[in-house]
Amino acid sequence: ETGVTQSPTHLIKTRGQQVTLRCSSQSGHNTVSWYQQALGQGPQFIFQYYREEENGRGNFPPRFSGLQFPNYSSELNVNALELDDSALYLCASSLQGESYGYTFGSGTRLTVV
Amino acid sequence: RKEVEQDPGPFNVPEGATVAFNCTYSNSASQSFFWYRQDCRKEPKLLMSVYSSGNEDGRFTAQLNRASQYISLLIRDSKLSDSATYLCVVNPFSGGYNKLIFGAGTRLAVHP
């Protein structure tokens, strides 16, 4: 059983640029959730994808967008990067309808300069 | 008010000590509850689910009080390897879907 894989592991971008982060879900999982974790904080829910559609969103602006593909993998896109977007971005896969089986990837550490 | 609130710590305890973490949540309709553990610069990992009847896993005991919207985690006989951040997590099941809402975490440092 493969776990959740995220790429890249680290990234440095300039303010105003755009970034795409990628996530491969665990085998057998059909739902992907994305979280942002700033230094010293807990992960904050960005959004969730199921059946290739966004089915839930946290308090993040529209410049945070995503995609889910038929193989359940997912992308997180952030436009017009701001310094405050610097964080660890975590992807978690799960089965729709279950809250106890989340598997997290090791994250992408994004630094915006 | 934050949806999930925890004491950030840090808790500095000697090996063998008993330590307790507390957490409160704001959404009374929340349906499931967890403690996650996060090591420095790593992803969160599920430590245990939390049930109203209380549940135990080795040295770890979790308790939920729905009336007070309060969750606790007790660690007995602390080990050096218990040093980590402990995240209180709630699934409010709002909007018709499951999502995990994390507290800011409580840091534990166990020293020799």
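Residues numbered from 1 in each chain as written. Chains lettered and ligands numbered in written order. Predicted model: local features only at pLDDT ≥ 70, side-chain atom pairs only at ≥ 80, totals over all residues. Heavy atoms only, no water.

A look at the sheet that holds strand β1 (residues 5–7) of chain A
All names here are of chain A.
Next, step 1: The antiparallel open sheet is built from four strands, whose spatial order is β1-β3-β8-β7. The open sheet has two edge strands with one neighbour each: β1 and β7 (64–68). Adjacent strand axes in the sheet meet at a mean angle of 15°, parallel and antiparallel pairs treated alike.
Next, step 2: As paired strands, β1 and strand β3 (residues 19–24) are joined by three bridges and run antiparallel to one another. Residue threonine 5 lies in a different strand from β3, and its bridge partner there is serine 24. (Pairing = 2+ DSSP bridges. Helix = DSSP H or I, 4+ residues; strand = E, 2+ residues; numbered from the N terminus. Axes fitted to C-alpha atoms, helices over the stretch in contact; angles between N-to-C directions.)

Some remarks on the interface of chain B and chain A
In many analyses, interface size is given as the accessible surface area lost on bringing the parts together.
Next, step 1: Across the boundary between the two partners, chain B contributes 20 residues, which contact 23 residues of chain A.
Next, step 2: Summing both partners gives a buried area of about 1,600 Å² for chain B against chain A, and 52% of it is carried by carbon and sulfur.
Next, step 3: Where chain B packs against chain A, one counts zero salt bridges.
Next, step 4: Inspection of the chain B/chain A interface yields four residue pairs in polar contact (both at pLDDT 80 or more). (Contact = heavy atoms within 4.5 Å. Buried area = accessible area lost by both parts, 1.4 Å probe. Salt bridge = Lys/Arg side-chain N within 4 Å of Asp/Glu carboxyl O. Polar contact = N/O pair within 3.5 Å; in protein donor to acceptor, adjacent residues only side chain to side chain.)

Here we look at the sheet that holds strand β7 (residues 60–65) of chain B
Residues and elements named next belong to chain B.
Next, step 1: Strand order in the open sheet formed by five strands is β1-β3-β8-β7-β6, with antiparallel pairing between adjacent strands. The open sheet has two free edges, formed respectively by β1 (4–6) and β6 (55–57), since each of these has just one partner strand. Sheet twist, expressed as the average angle between the axes of neighbouring strands with direction ignored, equals 20°.
Next, step 2: As defined by bridge partners, β7 adjoins strand β8 (residues 70–75) across six bridges and the pair is classed as antiparallel.

Things to note about the state of the cysteines
Next, step 1: Tallying each qualifying case throughout the model produces two disulfides over all chains.
Next, step 2: Paired by a disulfide, cysteine 23 of chain A and cysteine 91 of chain A hold their sulfur atoms 1.8 Å apart. Residues cysteine 23 of chain A and cysteine 91 of chain A are joined by a disulfide whose S-S torsion is about -55°; by sign, that bridge is left-handed. Here the residue cysteine 23 of chain A occupies a position in strand β3, and cysteine 91 of chain A occupies one in strand β9 (residues 87–94), the gap between them amounting to 68 residues.
Next, step 3: Here cysteine 23 of chain B is linked by a disulfide to cysteine 88 of chain B, with a sulfur-sulfur distance of 1.9 Å. Around the S-S axis, the bridge from cysteine 23 of chain B to cysteine 88 of chain B shows a dihedral of about -75° and counts as left-handed. In this pair, cysteine 23 of chain B is assigned in strand β3 (residues 19–25) and cysteine 88 of chain B in strand β9 (residues 84–91), connecting sequence segments 65 residues apart. Comparing cysteine 23 of chain B with cysteine 88 of chain B shows no difference in burial state: the two are buried. (Disulfide = S-S within 2.5 Å. Buried < 20%, exposed > 50% of the residue type's maximum accessible area, 1.4 Å probe, protein only.)

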